[in-house]
Amino acid sequence: MRVTNKMIMNNSASNINSAKEVVNTRNKQMTSQKRIDKPSDDPVIAVRSLRLATTLSQVSQYYSKNIPDANQWLDITETALINISNVATDCKTICVGGSTDSYNSQSDRKTMLTQLESLQKALFAEGNADYANRTVFTGYRTNSNLTFTEDETQTKYRIDQTLSIEDLMEEHRYYSGNVVVPTTEAEVIAPKDNATLISDITETDYYRLRLNYKDIESVNSINIKYEGNTTDTPDISFAFTATNGVYNDDTSGGALTSNGFSLRVYENETDWANADTTDKVKKVENNEIVFIRETGDIIFGDTVASTLKTNKAELAVQYDKTGFKEGQLRPEYYYNCTKMTDSTGAALTSNNEYTKFDANGNVIHFDIEYTIAANQTIAINTEASDVFDSSLQRDIDEMMNAVQRVISAYDKLDTIKNMKSETQYASDEDQEWLDKWQDAAQKEFDYYNNNMRKLFDTEIGNIKSYCDKISLAITDLGCKEQSLDLTKVRVGDQRETVQQLQTENDDVDLSQIIIDYTAAYTAYQASLTAAGKLGDSTLLNYI
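Residues numbered from 1 in each chain as written. Predicted model: local features only at pLDDT ≥ 70, side-chain atom pairs only at ≥ 80, totals over all residues. Heavy atoms only, no water.

1. Section: the overall build of the protein
Applied cut-off: Only DSSP runs of H or I reaching four residues or more are called helices, and only runs of E reaching two or more are called strands; each is numbered from the N terminus. Here, two residues are considered to be in contact whenever any of their heavy atoms come within 4.5 Å of each other. Per-residue and other accessible areas follow the Shrake-Rupley method at a 1.4 Å probe size, with only the shown protein chains counted as cover for residues.
Along its length, the protein carries 10 helices and 16 strands. Considering only residue pairs separated by 6 or more positions, the protein has 75% of its internal contacts joining residues 24 or more positions apart. As presented, the protein carries roughly 28,300 Å² of accessible surface, and 47% of it is formed by carbon and sulfur atoms.

Quick look at the structure:
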């Protein structure tokens, strides 16, 4: 084969260009410190690099954002629960004092009442705790508060509440009679013509269930099922219709009956007492149930209470409530309910039904789950319904009422004692009747004072139960925090591993690439020198 000078020159130029490309490649690698400049340089390295970059992005999201965000959410929730527990503990301290002689003066009782009022207001203010404007106790409905933030007098809900007889039925004291302090001499001696003017207070004890709301507008139905009844038909059922005014009381049709038991609904305890036209005593017959709309109490006669406890019954009640005060819990986070009207009283017909329990009575949870690692999620929220409800709030309300009764009774007694020292009541007849008034006032004070002590003694145990439930929730949060910490360590190690693999796949060893660049550049310079030598040779050199 004949090789010409042109062929030699072409080959030299091609080789020089190849050497120059190598120099250019090594120069790019040296300045960028990356193995490849574009996928076509090495498809295997490019694909592996993309996969590692995707994995690193995910792991970094877990480590730098998801886990810290979840930790912050848990911290805010824990702080709120601790604050609620502290309020409950303060209530317990007051109960300990109220159940003994610690608060035995009028000023002490007024101080106790003021403290309870403050604690009641503060109790569920923590329920609206939020993280980055997202409320932490309302499930995934984080744009809504747990409680009413202002009085809503026109807002109306239809609420379905189920109560366990075995867990929630309790004995409660009811008082009939009220001493009205006379203000004139004629009123002082008036009982000699009408002895009932000096009220003789009486105490009656009944078993009751207490709704989580009071001031009920109307009760629509009460259905009672015994344990083991799996049918849709309740063992005892009371239904109210528009023909007797939706709710039923003595002024709208008398009692309803079912399976041998009867039900009466009263507006308030005064109407209940007035139903006894003879003695004006709050009575419940053995086979009777009484519903007091003002207090939300469902009161049972002895036979009814015994039957329901023996059969471990559950009572489902549907009622309407219009008007909610600031600080009260919103029903939609605790019950199946329908919002009938908004805060302006305007009727609602859509997007107003809330479901908290399924058809089988199981709680529907509204968990917020964070992905904190590959194929690993954690529910970071605590729902208020799992930790606390209106029971403590209502307990404080009853304690306040008990203290107020004692204060009022003491004021009556003190007023009558002062009247005995006044000149206008100096006659023997006036003094004799004032002694009777004083005895009645003293009896009322003794009853109410004894009731306050017993109530506070009972509340010590109740509040301990509330605190135990909150403590359990705080412990659960602590377990979640520990799990997050362990996951963060593991994800951190994983991130370092992926970063190392990415470095080994994408980056070059700078010292090695300098050597490679120097070798390539030397070869390139040598190729130029060799090509220059070819230019000096012609065919004449061989003739």
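2. A short note on the sheet that holds strand β12 (residues 314-324)
Heads up, the condition is: Here a strand pair is declared whenever DSSP counts at least two bridges between the two strands.
Pairing in this open sheet of six strands is antiparallel, and the strands run β7-β6-β12-β3-β13-β14 from one edge to the other. This sheet does not close on itself; its edge strands, each paired only once, are β7 (236-239) and β14 (353-354). By the bridge criterion, five bridges tie strand β3 (residues 152-164) to strand β13 (residues 336-341) in an arrangement that is antiparallel. Bridge pairing in β13 links I159 to C337.

3. Some thoughts on the pairing of strand β9 (residues 261-266)
Our working definition: We call a residue buried when its accessible area falls under 20% of the maximum for its residue type, exposed when it is over 50%, and partly exposed in between, using a 1.4 Å probe and counting protein chains only. When the strands point away from the viewer and the connection leading from the first strand across the helix to the second strand turns clockwise, the crossover is called right-handed.
In terms of residue burial, β9 counts as a mostly covered element, since five of its six residues are buried. Bridging between strand β8 (residues 256-258) and β9 involves three bridges; their strand directions are antiparallel. Paired with L256 across the bridge in β9 is L263. Counting the residues that bridge the hairpin from β8 to β9 gives two residues, and of these N259 lies at a positive phi of roughly 55°. Of the pairings in the sheet, the one linking β9 to strand β10 (residues 288-292) comprises five bridges and is parallel in character. Pairing of L263 across the sheet is with I289, part of β10. Handedness of the crossover joining β9 and β10 through helix α6 (residues 269-274): right-handed.

4. Quick word on a negative patch on the surface
Let me state the cut-off plainly: Each patch is assembled from residues with relative accessible area greater than 30% and no salt bridge, linking like charges that lie within 9 Å and nonpolar side chains (Val, Leu, Ile, Met, Phe, Trp, Tyr) that lie within 5 Å. By definition, a salt bridge exists where a carboxyl oxygen of Asp or Glu is found within 4 Å of a side-chain nitrogen of Lys or Arg. Only four residue types enter the charge count: Lys and Arg as positive, Asp and Glu as negative, with His and the chain ends excluded. To locate a charge, take NZ of a lysine, CZ of an arginine, CG of an aspartate or CD of a glutamate.
Taken together, the side chains of E166, D167, E227 and E314 define an acidic patch exposed on the protein surface. Here E314 shows up in strand β12. Judged by relative accessible area, E314 falls into the partly exposed class, the value being 45%.

5. With respect to the packing of helix α3 (residues 106-123) against helix α8 (residues 391-420)
As a reminder, the rule being used: Here, axes are lines fitted to C-alpha atoms. For helices the fit covers the stretch in contact, and angles between N-to-C directions go from 0 to 180 degrees. We call two directions roughly parallel when the angle between them is under 35 degrees, roughly antiparallel when it is over 145, roughly perpendicular when it lies between 65 and 115, and oblique otherwise. What makes a crossing left-handed is the near helix being turned counterclockwise from the far one by less than a right angle; a clockwise turn instead makes it right-handed. Ten residues, namely Ala, Val, Leu, Ile, Met, Phe, Trp, Tyr, Cys and Pro, are considered nonpolar, four, namely Asp, Glu, Lys and Arg, are considered charged, and the remaining ones, Gly among them, are considered polar.
Running from amino to carboxyl end, α3 crosses α8 at an angle of 160°, the nearest separation of the two axes being 10 Å. In terms of orientation, α3 and α8 fall into the roughly antiparallel class. When the axes of α3 and α8 are compared, the crossing they make is left-handed. Every residue of α8 that contacts α3 at Q106, R109, K110, M112, L113, L116, E117, Q120 and L123 is listed here: L392, Q393, I396, D397, M399, M400, V403, Q404, V406, I407, Y410 and D411. By residue class, the composition of the contact of α3 with α8 is 12 nonpolar, four polar and five charged.

6. Some remarks on the sheet that holds strand β5 (residues 202-210)
Reading across from one edge, β4-β5-β11-β10-β9-β8 is the order of the six strands in this open sheet, with mixed pairing throughout. The two strands at the open ends of the sheet, each matched to only one other strand, are β4 (170-176) and β8. Neighbour to neighbour, the strand axes of the sheet diverge by 35° on average, direction disregarded. Here β10 runs beside strand β11 (residues 297-300); their pairing, made up of four bridges, is antiparallel.

7. Overview of α3
As a reminder, the rule being used: Helix span, as expected, comes to 1.5 Å for every residue beyond the first. Think of it as the arc spanned by the lines of direction from the helix axis to the C-beta atoms.
Spanning 18 residues, α3 covers 25 Å between terminal C-alpha atoms, matching the ideal 26 Å at 1.5 Å per step. Of all the positions in α3, only Q106, R109, M112, L113, L116, L119, Q120 and L123 are classed as buried. Burial along α3 is one-sided: seen end-on, the buried residues are contained in an arc of 145°.

8. Points about the environment of I198
Turning to its location among the elements, I198 is positioned in the loop between α5 (185-189) and β5. Residue classification places I198 among the buried residues on the basis of a relative accessible area of 16%. I198 sits 240 residues away from Q438 along the chain, and the two C-alpha atoms are 9.9 Å apart. Once residues lying within four places of it in the same chain are set aside, the contact partners of I198 are P191, W433, K436, W437 and A440.

9. Thoughts on the packing of aromatic side chains
To be explicit about the condition: Here the aromatic set is Phe, Tyr and Trp, taking the six-membered ring for Trp, and pairing holds for ring centres within 6.5 Å; pairs whose planes are under 30 degrees apart are stacked, those over 60 apart are edge-to-face, and all others are tilted.
All told, the structure shown has 15 aromatic pairs when counted by the stated rule. Ring geometry for Y157 and F324: centres 5.4 Å apart, planes at 85°, overall edge-to-face. Of this pair, Y157 sits in strand β3 while F324 sits in strand β12; the two residues are 167 residues apart in sequence, bridging distant segments of the chain. For Y157, a relative accessible area of 0% corresponds to the buried category. By relative accessible area, F324 is classed as buried at 2%. Consider the rings of Y206 and W272, whose centres lie 6.3 Å apart with planes at 50°: the pair is tilted. Of this pair, Y206 sits in strand β5 while W272 sits in helix α6, and the two are 66 residues apart along the sequence.

10. Overview of unusual backbone geometry
You will see that N259, though not glycine, has its phi angle at about 55°, which is positive. Structurally, N259 is set in the loop between β8 and β9. What makes N259 exposed here is its relative accessible area of 52%.

11. Some points on empty space enclosed by the protein
Heads up, the condition is: Of the grid points, spaced at 1 Å and generated over the protein atoms alone, those admitting a 1.4 Å probe that cannot get out make up cavities, while open sets with protein on both sides within 12 Å along at least five of seven lines make up pockets; any residue with an atom within 4 Å of a point is treated as lining. Grid points are joined across faces, edges and corners, and a volume is the space filled by probe spheres set on the points.
Taken as a whole and assessed by the stated rule, the structure comprises one cavity of 30 Å³ or more. There is about 30 Å³ of room inside the largest cavity. Across the lining of the largest cavity, the residue classes break down as four nonpolar, three polar and three charged.

12. Considerations on the pairing of β13
In this sheet, β14 lies alongside β13 in antiparallel orientation, the contact comprising two bridges. Bridging from a neighbouring strand, C337 pairs with Y354 of β14.

13. Remarks on the confidence of the model for the protein
Spelled out, the test is: Every residue carries a pLDDT, the predictor's confidence in it, which falls somewhere between 0 and 100.
When pLDDT is averaged along the protein, the result is 87; 89% of the residues meet or exceed 70. Across the protein, element-level confidence peaks in β11 with a mean pLDDT of 97 and bottoms out in helix α1 (residues 5-32) with 70. Note that pLDDT drops below 50 for residues 243-253; the model gives that stretch 30 contacts with residues more than four away or on any other chain.

14. Some details on the environment of T149
You can see T149 is positioned in the loop between β2 (134-135) and β3. Between the C-alpha atoms of T149 and F324, which are 175 residues apart in sequence, the distance is 9.9 Å. Setting aside residues no more than four positions away along its own chain, T149 makes contact with N128 and E326.

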